[in-house]
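Topology and contacts: notes
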Amino acid sequence: MRSRWGLPGMVVIVAFVALTVGACHKKVPPVARPVQPPPPTTFASPTKPPAPPEPISEPVVVPPAPFAEDRVSTASLDEINKNSPLKPVFFNYDTAEISSEGQKILDGNAEVLKKNSPWIVTIEGHCDERGTAEYNLALGERRAVSARTYLVSLGILADRIRTVSYGKEFPFDPGHSEAAWGKNRRDHFVVTQK
Amino acid sequence: MRRTILVLATSLAAAAVLIITGHAAQSTATPQQQPPAVSLTITGEPGALPRYAVPDFIALSSDAETVEAAKTIGQALWDDLNFEREFDMIPRDTYASIPAARSLASLPFDRWRELGADGLVVGTVERQGDSLRVEVRLFGVKAQQSAFGREYVAPASNSRLFAHTIADEIFQTQLALRGVARTKIAFVSDRDGERLTGTVETRTVKEIYICDYDGANQRRVTVNRSLNINPTWSPDGRSLAYTSYRRGAPDIFISMIYQGTIENPLHSKGEENFLPVWSPDGTKIAFQSNRDGNPEVYVMNRDGSGIRRLTNHPASDGTPTWSPSGTQVAFTSDRSGSPQIYVVGADGLSLRQITRESYCDRPTWSPAPYNEIAYSARTGPGFDIKVLDLATGERRQLTFGEGSNESPAYAANGRHIAFSSTRAGKRHLYTIERTGKDLRQLTKAGNNQTPDWSK
């Protein structure tokens, strides 16, 4: 009786293994197939577990196709931004309040924007490394927005000014001193369209 | 008519009572359902953890890859079983002298008993084309009885996955503990040193990476040469949501990392969307946005529809995290004058402040059965990782001023926390037990930040 069932049984197992291996190639999620646990086996007579081997697989990471460059980048804009007439505004620790010194700088920037009416600018809000990465995103955002609000109050059209917070992700000075932090707490102006 | 309704209602109530009592009767009459085929649970000496030994697996094929895999699986499995500190793992060099068994039928149990092992994990590795076939047994040494046995077939390319699978099954069958050996950690790194294009200043690209829970198999998953931050795993572990500046303004992107496809549910028109976090059921994403003028917390459906505002305050509200049931959200707000952590119902009601320290951020709600929130807290010049037990209000500190420690993320079983730290100079990722023990460094290259642990 045993031998009669042996061959078909083997065929079923082989077919099943072939199926599961095939499935691995198709990158299906890991299979958690319920397999009956083997009965406790004694050392003297270890028996094979009743079920066929459990296929384990891990899906393969597929890198996405690179995005086309979305950012406008022309040589002439680079020239403007290299020696930008728009000056950065610096901030005290953990505040988005524009100081009187900052207001003077923004007054100057407003004059430049009035003379160059087609310009569209992005104000980047930056923070020093002393806050957390997450909270600094909000702080940088408020720093950029407070400069925009001030410029709009001087008559610059709001839709000429975009804001982006970089938190503490792109420090201008990689140092860990008060001098470096002071440079990194700033609104940085970038001309993105002219 | 009224009478009919009354009768109907009465009979319905009676039926309900019947069902309830019937159920109760049943549960008292029949014994608790047995877990299927309970096998041997290996115990240690009274009051001690069970001592486990994991020798190299036995290579049944003689090619170099199989021999190497047999070694790798043994070592990785020892490390995996050691991670949860529920077994007393016997150092592997102390049993190097015990001769390798030829097969699982000829194990020198006397020698393992002499060594003091309670549990012995042995296995064989055999080549099958491009795959490996691994057979493993966990023996109770005293009883000389098998407590667990499985066979696996998988591609030979990632032999560590055998070890991780075996470890998780041993945790499950021996301790009813959900292991995390097959979980992954997503994070941000600048390690490739690529320069951002389109800026005058030198800025280094930051991309999303993933690695195994133990730091092995570190791989890059975004390639947009921009700033990509704050990755979070979908509950099914197949997608990562993150903040990307690839279109200029920071916006939320979802990468289906095993298909290579990307979604951009909100399509920012200039507003800034940050810090996505998936609801526990994977249908919603909470995030921070300035779409109404200042940073607030919002919830959207995964496809970007049904945007709902959860907070409403002129101060900054952000960095959300979901409670395990999805009924509450914790977030950071500086409405009191400094960043502190608050909890609000997912309906926007029942707001309460839960920290009153100098500066707290990145709340991360633990999975059940723990009911705690880990966060970054200013403790001096930098930050340390703290945990607040929501039931008792007790607080404990996991790091103590070595570098600045930020962005805690829980393992799926709540027993470990990943975070970033500058303790070794550059910012790197570490894991630590929720009790503050067993610190491990996961990354070595570049700067690495904001880990998130898969579910």
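Residues take numbers from 1 onward in each chain, read along the sequence in its written order. Numbering of ligands from 1 and lettering of chains from A proceed in the order in which they are written. Thresholds applied to this predicted model are a pLDDT of at least 70 for local features of residues and 80 or more for the giving and counting of side-chain atom pairs; totals over whole chains, interfaces and linings are not thresholded and use all residues. Calculation of side-chain values draws on the structure's entire complement of heavy atoms; hydrogens and water are dropped beforehand.

Looking now at the packing of aromatic side chains. All names here are of chain B. Paired rings are identified among Phe, Tyr and Trp, the last through its six-membered ring, by centres lying within 6.5 Å, and are further divided according to the angle between planes into stacked (under 30 degrees), edge-to-face (over 60) and tilted (the rest). Overall, the coordinates contain 14 aromatic pairs over all chains when judged by the stated rule. Summarising the aromatic geometry, the rings of F187 and Y209 are spaced 5.9 Å apart at their centres and angled 25° between planes, so their arrangement reads as stacked. Here F187, found in strand β7 (residues 184-189), pairs with Y209, found in strand β8 (residues 207-212); they are 22 residues apart in sequence, far enough to count as distant. Residues F187 and Y209 agree in their burial class; the two are buried. Charge over a ring is defined by NZ of Lys or CZ of Arg lying within 6 Å of the ring centre and within 35 degrees of the ring normal. Taking the ring centre of F253 as reference, the NZ or CZ of R246 above it sits at 5.0 Å. Starting at the N terminus, helices and strands are each numbered in turn, a helix being any DSSP run of H or I of at least four residues and a strand any DSSP run of E of at least two. Working definition: with a 1.4 Å probe on protein chains only, accessible area under 20% of the residue-type maximum means buried, over 50% means exposed, and in between means partly exposed.

To continue, consider the pairing of strand β10 (residues 228-233) of chain B. Residue and element names in this part refer to chain B. For β10, a buried count of 6 out of 6 residues is recorded, marking the element as mostly surrounded by other parts of the structure. Only when DSSP finds a minimum of two bridges between them are two strands counted as paired. Of the strand pairs in this sheet, β10 and strand β11 (residues 239-244) are connected by 4 bridges, and their pairing is antiparallel. What sits directly across from W233, in β11, is L240. Joining the antiparallel neighbours β10 and β11 is a turn of 5 residues, in which G237 adopts a positive phi near 70°.

To continue, consider the confidence of the model for chain A. Residues and elements named next belong to chain A. Taken residue by residue, chain A gives an average pLDDT of 79. The fraction at 70 or more is 68%. Every residue gets a pLDDT, meaning the predictor's confidence in that residue, from 0 to 100. Should any heavy atoms of two residues lie within 4.5 Å, those residues are considered in contact. In the predicted structure, residues 1-5 sits below a pLDDT of 50 and forms 0 contacts with residues beyond four places in sequence or in another chain. Across residues 9-35, confidence stays below pLDDT 50; counting only partners more than four residues off in sequence or on other chains, it has 21 contacts.

Below, the discussion takes up unusual backbone geometry. Residues and elements named next belong to chain B. Looking along the chain, the bond that leaves A368 and enters P369 is cis, with omega of 10°. Position of P369 relative to the elements: it lies in the loop between β22 (360-365) and β23 (372-378). Even without being a glycine, R85 presents a positive backbone phi close to 55°. Note on placement: R85 falls in the loop between α2 (64-83) and β3 (88-89). Taking the relative accessible area as the measure of exposure, R85 reaches 40% and is therefore partly exposed.

Let us look at α2(B). Side chains of residues three or four places apart in an α-helix project in the same direction, reflecting 3.6 residues per turn. The first and last C-alpha atoms of α2(B) sit 29 Å apart over 20 residues, in line with the 28 Å expected at 1.5 Å per residue. After α2(B) finishes, the residue R85(B) shows a positive phi value of roughly 55°. Expected helix span is given by 1.5 Å per residue-to-residue step, counting one fewer step than there are residues.

All names here are of chain B. Across the sheet, which stays open at both edges, the 4 strands sit in the order β9-β8-β7-β30 with antiparallel pairing between neighbours. Edge positions in the open sheet fall to β9 (219-220) and β30 (448-453), since each of these has one partner strand only. Pairing geometry for β8 and β9, over 2 bridges, is antiparallel. Its bridge partner being in β9, I210 is matched across the sheet by R219.

The partner chain A presents 56 residues to the 78 residues of chain B that form the contact. Defined here as a combined quantity, buried area equals the accessible surface (1.4 Å probe) lost by two parts on assembly, summed across both. Of the roughly 6,000 Å² buried between chain B and chain A on both sides combined, carbon and sulfur atoms contribute 56%. Any Lys or Arg side-chain nitrogen found within 4 Å of a carboxyl oxygen on Asp or Glu counts as a salt bridge. On the surface where chain B and chain A come into contact, there are 5 salt bridges. Ionic pairing is found between K168(A) and E406(B), a salt bridge with its closest N-O pair at 2.6 Å. Within 3.5 Å is the distance limit for a polar contact, defined as a pair of N or O atoms, with the added protein rule that one can donate a hydrogen and the other accept it, and that residues adjacent in sequence qualify only through two side-chain atoms. The tally of links from chain B across to chain A stands at 22 residue pairs in polar contact (both at pLDDT 80 or more). Polar here means any residue other than Ala, Val, Leu, Ile, Met, Phe, Trp, Tyr, Cys and Pro, which are nonpolar, and Asp, Glu, Lys and Arg, which are charged; Gly is therefore polar. Taken together, the residues that form the side of chain B that touches chain A break down as 31 nonpolar, 26 polar and 21 charged. Looking at chain direction, strand β1 (residues 54-55) of chain A and strand β6 (residues 145-155) of chain B are connected through 2 bridges and run parallel.

The next point concerns the packing of helix α3 (residues 100-115) of chain A against helix α4 (residues 133-153) of chain A. Residues and elements named next belong to chain A. For helices, the axis comes from a line fit to the C-alpha atoms of the stretch in contact; other axes are also lines fit to C-alpha atoms, and the angle between any two N-to-C directions lies between 0 and 180 degrees. At a minimum axis distance of 10 Å, the contact between α3 and α4 shows a crossing angle of 60°. The angle between α3 and α4 places the two elements in the oblique class. The interaxial crossing formed by α3 with α4 has right-handed handedness. Mapping the contact onto sequence places Q103, L106, D107, A110 and L113 in α3 and A147, Y150 and L151 in α4. We call two directions roughly parallel when the angle between them is under 35 degrees, roughly antiparallel when it is over 145, roughly perpendicular when it lies between 65 and 115, and oblique otherwise. With the far helix as reference, a near helix turned anticlockwise by less than a right angle produces a left-handed crossing, and one turned clockwise produces a right-handed crossing.

What follows concerns the confidence of the model for chain B. All names here are of chain B. Averaged over chain B, the pLDDT score is 91; the fraction of residues at 70 or greater is 92%. Here residues 1-36 is a poorly scored stretch, pLDDT under 50, and it has 2 contacts once near neighbours within four places are set aside; other chains count. For this predicted complex, the interface score ipTM comes out at 0.88, alongside a pTM of 0.84.

All names here are of chain B. Domain parsing of chain B yields domain 1 (2-29 + 37-175) and domain 2 (184-453). For the domains described, the bounds stem from an automatic or database domain assignment. Domain 1 and domain 2 are separated by 33 Å when their C-alpha centres are compared. Around 950 Å² of area is buried between domain 1 and domain 2 when both sides are counted, 39% of it from carbon and sulfur atoms. The largest per-residue losses of area from domain 1 upon contact with domain 2 belong to F83, E84 and R85, which jointly make up 59% of the total buried on that side. Summed over the shared surface of domain 1 and domain 2, the result is 5 salt bridges. Note that R415 and E84 form a salt bridge whose closest N and O atoms lie 2.7 Å from each other. The interface formed by domain 1 and domain 2 includes 7 residue pairs in polar contact (both at pLDDT 80 or more). Going through the elements one at a time, α2 and α4 (160-175) are the ones with two or more residues in the side of domain 1 that touches domain 2. Ranked by residue count, the leading element in the side of domain 1 that touches domain 2 is α2, at 4 residues. Class assignment for the residues of the side of domain 1 that touches domain 2 results in 1 nonpolar, 3 polar and 6 charged.

Let us now look at the sheet that holds strand β25 (residues 395-397) of chain B. Residues and elements named next belong to chain B. Here we have 4 strands laid out as an open sheet, ordered β22-β23-β24-β25, and antiparallel in their pairing. Lying at the two open borders of the sheet, with one neighbouring strand each, are β22 and β25. The average angle at which neighbouring strand axes cross in this sheet is 25°, direction not considered. In this sheet, strand β24 (residues 383-389) lies alongside β23 in antiparallel orientation, the contact comprising 7 bridges. Bridge pairing in β24 places A374 opposite V387.

All right, on to the environment of P363(B) then. Looking at the element boundaries, P363(B) is found in strand β22. Beyond its immediate sequence surroundings of up to four residues, P363(B) is in contact with T319(B), T321(B), A330(B), F331(B), T332(B), I341(B), I373(B), A374(B) and Y375(B).

Following the criterion strictly, the structure yields 43 salt bridges over all chains and no others. In this structure, D128(A) engages R185(A) in a salt bridge whose closest nitrogen and oxygen atoms are separated by 2.8 Å. Here the residue D128(A) occupies a position in the loop between β3 (120-126) and α4, and R185(A) occupies one in the loop between α5 (178-184) and β5 (186-193), the gap between them amounting to 57 residues. Neither D128(A) nor R185(A) differs from the other in exposure class; each is buried. Residue R85(B) is joined to E433(B) by a salt bridge in which the shortest nitrogen-to-oxygen separation is 3.7 Å. A residue pair is termed long-range when its members are at least 10 positions apart, and R85(B) in the loop between α2 and β3 and E433(B) in strand β28 (residues 426-433) qualify at 348 residues.

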